[in-house]
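# Architecture at a glance
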Amino acid sequence: MKKFFLFCSFIALCACTHVKSTYYVIDVPFTENMQTELKQGKGPIFAILPIGIPSYLARPQLILRESNAEIHIAEKHRWGENLDKAIGRVLANSLTDKLDSINGVVVPSRLGLHPDYSIQLEISRFEGNINASLEMVAFWTLQKNNKKILQGNFYRKVQTGIGYSDLVTAYGTILSLLADDIAQAIMQYNFK
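Okay, so let's go over this structure. (Residues numbered from 1 in each chain as written. Predicted model: local features only at pLDDT ≥ 70, side-chain atom pairs only at ≥ 80, totals over all residues. Heavy atoms only, no water.)

### Considering the pattern of salt bridges
Rule in force here: Put simply, a salt bridge is a Lys or Arg side-chain nitrogen that is within 4 Å of an Asp or Glu carboxyl oxygen. Put simply, DSSP marks the helices as runs of H or I at least four residues long and the strands as runs of E at least two long, and each gets a number from the N terminus on. Under the scheme applied here, a residue whose accessible area is under 20% of the maximum for its type counts as buried, over 50% as exposed, and between as partly exposed, the area being computed with a 1.4 Å probe on protein chains only.
Going through the model one piece at a time under the given rule, you end up with seven salt bridges. Between R65 and E127 there is a salt bridge, with the nearest N and O atoms lying 2.8 Å from each other. Of the two residues, R65 sits in strand β3 (residues 61-65) while E127 sits in strand β6 (residues 117-128), which places them 62 residues apart along the sequence. This pair shows no difference in class: R65 is buried, exactly as E127 is. The closest approach of N and O atoms between R89 and E81, which form a salt bridge, is 2.6 Å. Looking at R89, the relative accessible area reads 26%, which means it is partly exposed. Residue E81 is classed as partly exposed on the basis of its relative accessible area, which comes to 26%. Sharing partners across several salt bridges, the network here consists of R65, R125, E127 and E135.

### Observations concerning the packing of aromatic side chains
Rules: Only Phe, Tyr and Trp rings are paired, with Trp represented by its six-membered ring, and only when their centres lie within 6.5 Å; those with planes under 30 degrees apart are stacked, over 60 edge-to-face, the remainder tilted. Criterion for a charge above a ring: Arg CZ or Lys NZ at most 6 Å from the ring centre, at most 35 degrees from the ring normal.
Within this structure, the stated rule accounts for five aromatic pairs. When the ring of F46 is compared with that of Y117, the centres are 5.3 Å apart and the planes differ by 20°; the resulting orientation is stacked. Here F46, found in strand β2 (residues 45-48), pairs with Y117, found in strand β6; they are 71 residues apart in sequence, far enough to count as distant. Of the residues examined, F46 reaches a relative accessible area of 0% and is grouped as buried. Plain terms: the ring middles of Y117 and Y189 are 6.4 Å apart, the flat faces sit at 85° to each other, and that makes the pair edge-to-face. Taken together, the positions of Y117 in strand β6 and Y189 in the segment after α3 (164-188) put the pair 72 residues apart, joining distant regions of the chain. Grouped by ring-pair contacts, the aromatic residues F46, Y117 and Y189 constitute a single cluster. K144 extends its terminal NZ or CZ atom over the ring of Y117, reaching a point 4.7 Å from the ring centre.

### Overview of the side chain of S133
Among the secondary structure elements, S133 is positioned in strand β7 (residues 133-144). A relative accessible area of 14% places S133 in the buried class.

### Quick notes on the pairing of β7
Note the threshold: One requirement defines pairing of two strands: DSSP has to find at least two bridges between them.
Burial of β7 is extensive: nine of the 12 residues sit out of reach of the surface. Both β6 and β7 contribute to a ladder of 10 bridges, which runs antiparallel. By the bridge assignment, F126 is partnered in β7 with M136. Hairpin connection between β6 and β7: a loop of four residues separates the two successive antiparallel strands, and N131 in this loop has a positive phi of roughly 55°.

Written as C-alpha cells, this is what we have:
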C-alpha cells in the first residue's frame, strides 16, 4: 500500500510540474514586394548552401547569452525547425524579395538543383537575451562554379523586446539586414 501511495504521489507531482513548451519560427518583416513564385528562366538563380552555425546553437532550444562566456538554454522555448534550416529559408525569402529588380531567385540548396550562383554562409555568433540585444557575426561568399566572386563580413546588434516572441522577431530583423548587405553587393556585380 505504501509503494502504491508513493507511486501515485510521484505521478501527481510529475503531472503538476509538466509545463508545455512554446515553439517559434523566424520570419522577416513582410514587404509588399514579397515574391511567392519561382521565376525560373527570368533571372539568375542563387542557392544557399548548408549554413554553418556553432554547435551550441544547433539544438531545439533557444539559446540566451548571459555574459561573454555564459549561455542559458531555454528548455521550454524551442525552435519550430532546425535553426540552420530556418536561417536558410528566411534568408532565401528575403534575398529573393531584395533581388526583384534583376529577377533573382534565391532558394535553399537541394540535390538536383543547378543554380547559377551559390551563397555560402558561416555564422560564428547569433544569440542575445530578452530585453537586451541580439548579435550576429557572419562571413558570406558568393560563388559561381565553385569560384569565389564576392565575399563579405557581417556584424549587427539589434535591441530585443521583453519576451521570447520579441527576441525571435529580432532574429528576423537581423536576417533581413544580412540580406540587405548581400543584395547590395550582388546588385553591384555585373551579371552579363
